Amino acid sequence: KNVTGTALDPGIAGRQRGSFFFGTAMNSLAVTNCSMTGVSFGVYVEQSTLTALSISNNAANNMEDRASDGNGGFTTVRPSLGHFVILSGVHATSGGDISWNQVIDADGNASVEDIINIFGSSGQSVANSIRIHDNYLQGAFSPANADDNYTGSGIMMDGSSNSLDTATGFVQIYDNQIVHTANAGIGLNAGHDISATDNSIVSCGKDASGNWIATTYAVAMIFWNEHKTSVYFNNSVSGTTGGLVRQNAVGTPGTS
């Protein structure tokens, strides 16, 4: 609570900046009223059964997952794809709350994959879901992948498990503002019992200098059983508005 973290250039070629918080085999977690600058990861939790989960009222600026070149700059290598929040192998028995956070990444000064990624993680039930709501997420892109190699997004449901015990599930995504993404706004790419409701997704597809950052396949909303698992069901999208501008095959604007 009320912690400020600033990640510095490690000054060693190939090494990535540090994370704000990393935890494994945890029982409960609350991260509130914290600020993060230049971190590769904000809150990274893995392999945990949580009786309580709250990540709320935090601010992150210019997240950075590129490796240092050892001379104050960056390489095009991203040792680990960064996230503001990633839950990996987490089961939240009472559900959880990821809300009222602000992430602002500026063109040319940041690199991040999915701002929020729920990977093989779940709530307990529809009534005890992981709730992702009322977040302002601006800037999902990487200068290291400034073409069609970039795969990040604002909010992503992820994982390839075919087991209900380890699949992503019981997540509610609502009332979020997602702005300026190079690829997807929200992706329901895996899992079950996931809803996306009343979110706003807007991106012009270009940086402040007028150069394209959007991939040619950028979309506001993905609804896709990407890994073709047997546990992709009871998912829904409603009330989500906005859209992304992307370039078509000849480099002129299109929309999605």
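Below is a summary of the structure that appears in this document. (Residues numbered from 1 in each chain as written. Predicted model: local features only at pLDDT ≥ 70, side-chain atom pairs only at ≥ 80, totals over all residues. Heavy atoms only, no water.)

On to the overall build of the protein. Helix and strand counts for the protein stand at zero helices and 23 strands. Taken along the three principal axes of its C-alpha coordinates, the protein extends 45 × 40 × 30 Å. Per-residue burial for the protein yields a buried fraction of 50% across its 256 residues. Taking the intrachain contacts of the protein between residues at least 6 apart in sequence as the baseline, contacts between residues at least 24 apart amount to 74%. About 10,300 Å² of surface is accessible on the protein, with carbon and sulfur atoms providing 50% of the total. One way to put it: in the protein the 9 positive side-chain charges average out to a point 3 Å from where the 20 negative ones average out. (Helix = DSSP H or I, 4+ residues; strand = E, 2+ residues; numbered from the N terminus. Buried < 20%, exposed > 50% of the residue type's maximum accessible area, 1.4 Å probe, protein only. Contact = heavy atoms within 4.5 Å. Areas by Shrake-Rupley, 256 points an atom, 1.4 Å probe, with all protein chains shown as cover. Lys, Arg positive; Asp, Glu negative; His and termini not counted. Charge placed at Lys NZ, Arg CZ, Asp CG, Glu CD.)

This next bit is on the side chain of Ser-56. Among the secondary structure elements, Ser-56 is positioned in strand β6 (residues 52–56). Residue Ser-56 is classed as buried on the basis of its relative accessible area of 8%. Other than its neighbours up to four places away in sequence, Ser-56 contacts Val-31, Thr-32, Asn-33, Asp-97, Ser-99, Trp-100 and Asn-101.

Let's shift gears to the sheet that holds strand β8 (residues 83–92). Pairing in this open sheet of seven strands is parallel, and the strands run β2-β5-β8-β11-β14-β17-β20 from one edge to the other. Single-partner strands in this sheet number two, and they are β2 (19–24) and β20 (219–223). When strand polarity is set aside, the average angle formed by the axes of neighbouring strands in this sheet is 10°. Of the pairings in the sheet, the one linking strand β17 (residues 184–188) to β20 comprises four bridges and is parallel in character. (Pairing = 2+ DSSP bridges. Axes fitted to C-alpha atoms, helices over the stretch in contact; angles between N-to-C directions.)

We now examine the sheet that holds strand β9 (residues 96–99). Across the sheet, seven strands lie side by side as β3-β6-β9-β12-β15-β18-β21; this open sheet has parallel pairing. Of all the strands in the sheet, just β3 (28–32) and β21 (236–238) have a single pairing partner and so form its edges. Averaged over all adjacent pairs, the angle separating strand axes in this sheet is 10°, with direction ignored. The pairing of strand β18 (residues 192–197) with β21 spans three bridges and is classified as parallel. Bridging across to β21, Thr-197 finds its partner in Ser-238.

What follows deals with unusual backbone geometry. For Asn-2, which is not glycine, the phi dihedral falls at a positive 60°. Within the fold, Asn-2 resides in the segment before β1 (4–6). Residue Asn-2 is classed as exposed on the basis of its relative accessible area, which comes to 54%. A positive phi angle, near 55°, is found at Trp-100, a position not held by glycine. Among the structural elements, Trp-100 can be located in the loop between β9 and β10 (102–104). Judged by its relative accessible area of 52%, Trp-100 is exposed.

Inspection of every chain in the model, using the stated rule, returns three aromatic pairs. Aromatic side chains Phe-22 and Tyr-44 sit 5.1 Å apart centroid to centroid with 70° between the ring planes, which places their arrangement in the edge-to-face category. One end of the pair, Phe-22, is in strand β2; the other, Tyr-44, is in strand β5 (residues 41–50), with 22 residues separating them in the sequence. Judged by its relative accessible area of 48%, Phe-22 falls in the partly exposed class. Look at Tyr-44 and you get buried, because its relative accessible area is 19%. Measuring from centroid to centroid gives 5.0 Å for Phe-41 and Tyr-44, while their planes differ by 45°, and the two rings are tilted. The two residues Phe-41 and Tyr-44 agree in class, both being buried. Chaining the aromatic ring pairs together yields one cluster made of Phe-22, Phe-41 and Tyr-44. Above the face of the Phe-74 ring, Arg-66 is positioned so that its terminal group lies 4.3 Å from the ring centre. The ring of Trp-212 is capped by Lys-206, whose NZ or CZ atom sits 4.8 Å from the centre of that ring. (Phe/Tyr/Trp six-rings, centres within 6.5 Å; stacked < 30°, edge-to-face > 60°. Lys NZ or Arg CZ within 6 Å of the ring centre and 35° of its normal.)

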